[in-house]
Amino acid sequence: MTEVRKTPTIQDVARFAKVSTATVSRALSNPDRVSEGTRARVADAIRVTGYTLNQAARSLRQRTARTILVALPDIRNPFFSSILEAIEREATNRGYGVLVANLFLARAPAQRLQDYMLSNRADGLLLLDGSLEVSALQALATAPYSVPLVVACEDIPNSGFHTVLTDNVQAAERATRHLIDLGHRRIGHLLGPENNVVARDRLAGFRKALQEAEIPLRQNWLLRGNFEMESGFAAAAHLVSMQERPTAIFAANDESAIGFLSGLRQHGIECPRDISLVGFDDLGFAAHYTPPLTTMRQPREMLGRMAAEALIDLLEDVDPERGQLRIVLNSELIVRESTGRPPKDAEA
Ligand code: RIB
């Protein structure tokens with residue numbers, strides 16, 4: 001006998017979720033009017049019963065807010081200001097508003113983003129934080145939630161999301177090579193946060209440049225940092241305590257580089273006379289510090305604009321045939337006064 005499979009109905013979903021059909025339909029059309037627990041039960045029931053997923057997904061994201069949600073890892077980091085500005089400009093041009101979620105110290109960041117999206121406050125998500133769990137994001141991006149999602153700045157490798165970023169490995173390699181070309185052989189790296197994908201890529205680029213120049217990597221010249229000024233300041237104090245010091249440092253970003261410079265100055269160490277320093281980002285203050293900082297300029301305006309463009313294109317189904325988008329931009333070396341030749345008496 002052939003088994004005839006019945007198309008699942010809203011009643012099946014309601015039965016499975018142990019709620020009324022009115023609640024199911026409210027969860028689909030007005031998720032902020034049902035509790036989080038109910039929403040989760042209805043979502044599960046939709047998944048299990050196979051209830052017209054496309055219809056449900058469409059309802060769960062009605063796309064009526066004309067707003068995109070931008071999730072940042074740390075709003076205190078000035079790196080994000082011109083990215084945000086570019087995102088906002090592009091969004092405004094296309095008739096969208098911008099909502100910002102600062103995930104710094106958020107206890108359950110993925111849950112927080114899910115809450116935003118399911119309450120229909122935003123139509124799509126621009127994620128600038130690579131530390132979130134891939135499975136949670138994939139759940140958010142697939143039925144029944146089907147949140148349009150674009151990753152920018154911090155990669156989420158193998159996630160399958162549209163992504164816009166800069167090549168951090170190549171840029172770190174370029175920064176380090178600049179020091180090598182100046183004649184430095186004793187080169188250290190001021191690290192970024194341990195679990196940050198961007199920081200890991202910059203360390204990889206640093207290693208690669210040393211390896212290509214056959215310069216051995218000195219583990220004790222990998223100075224602990226976390227992208228923040230204070231960490232650079234502390235790293236300078238640590239460096240001063242060393243018997244053998246590097247003649248050049250590549251810092252994982254400008255903020256920590258500036259902290260490092262100010263720490264060096266406290267100990268009477270002059271840049272670039274005693275030690276050369278390259279930063280990363282080219283933030284506004286990099287050109288105006290003393291000495292002006294040599295750094296890798298990330299194309300922040302372009303990054304923000306292209307990321308917003310990619311998300312809004314997705315929201316508006318501009319190119320339904322488009323496969324996974326991966327835009328990788330290059331950074332540019334900006335040579336200023338914080339780098340020079342190594343001191344004459346420095347040993348190779
Ligand atoms: O993604 C975090 C950003 O903050 C990085 O690109 C880095 O440059 C830091 O400043």
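Conventions used here
Residues numbered from 1 in each chain as written. Predicted model: local features only at pLDDT ≥ 70, side-chain atom pairs only at ≥ 80, totals over all residues. Heavy atoms only, no water. Domains from an automatic or database assignment. Helix = DSSP H or I, 4+ residues; strand = E, 2+ residues; numbered from the N terminus. Buried < 20%, exposed > 50% of the residue type's maximum accessible area, 1.4 Å probe, protein only. Polar contact = N/O pair within 3.5 Å; in protein donor to acceptor, adjacent residues only side chain to side chain. Contact = heavy atoms within 4.5 Å. 1 Å grid on protein atoms, 1.4 Å probe; cavity = no way out; pocket = protein on both sides within 12 Å on 5 of 7 lines; lining within 4 Å. Points joined across faces, edges and corners; volume = space filled by probe spheres on them. Near = heavy atom within 4 Å. Areas by Shrake-Rupley, 256 points an atom, 1.4 Å probe, with all protein chains shown as cover. Sits in = over half its atoms within 2 Å of the grid points.

1. Some words on the domain arrangement of the protein
If you check the domain split of the protein, you get domain 1 (1–49) and domain 2 (168–299 + 333–346). Measuring from the centre of the C-alpha atoms in domain 1 to the corresponding centre in domain 2 gives 56 Å.

2. Section: the side chain of Asp 313
By the element assignment, Asp 313 lies in helix H12 (residues 300–315). By relative accessible area, which is 13% here, Asp 313 ends up buried. A distance of 2.8 Å separates a polar atom in the side chain of Asp 313 from a polar atom in the side chain of Arg 94. Ignoring any residue separated from it by four or fewer positions in sequence, one finds Asp 313 in contact with Arg 94, Val 318 and Arg 322.

3. Digging into the layout of surface pockets
Taken as a whole, the largest pocket encloses approximately 780 Å³ of empty space. Forming the walls of the largest pocket are 38 residues, and the residues nearest its centre are Pro 73, Glu 154, Pro 193, Asn 196 and Phe 227. Only helix H5 (79–93) and helix H9 (197–212) provide two or more residues apiece to the lining of the largest pocket. Examining the composition of the lining of the largest pocket, we find that four residues originate from one element, H9, more than from any other.

4. A few points about the site of the ligand
Around the ligand, the structure places Asn 77, Phe 79, Phe 80, Glu 154, Val 198, Arg 202, Phe 227, Asn 253, Asp 281 and Gln 298. At 2.7 Å, a side-chain N or O of Glu 154 approaches an oxygen atom of the ligand. Between the ligand and the protein, one listed contact pairs an oxygen atom with a side-chain N or O atom of Asp 281 at 2.4 Å. Relative to its free-state accessible area of 270 Å², the ligand is covered by the protein chains to the extent of 98%. Of the pockets mapped on this structure, the ligand occupies the largest pocket. Listing elements by their share of the shell around the ligand, those giving two or more residues are H5 and H9.

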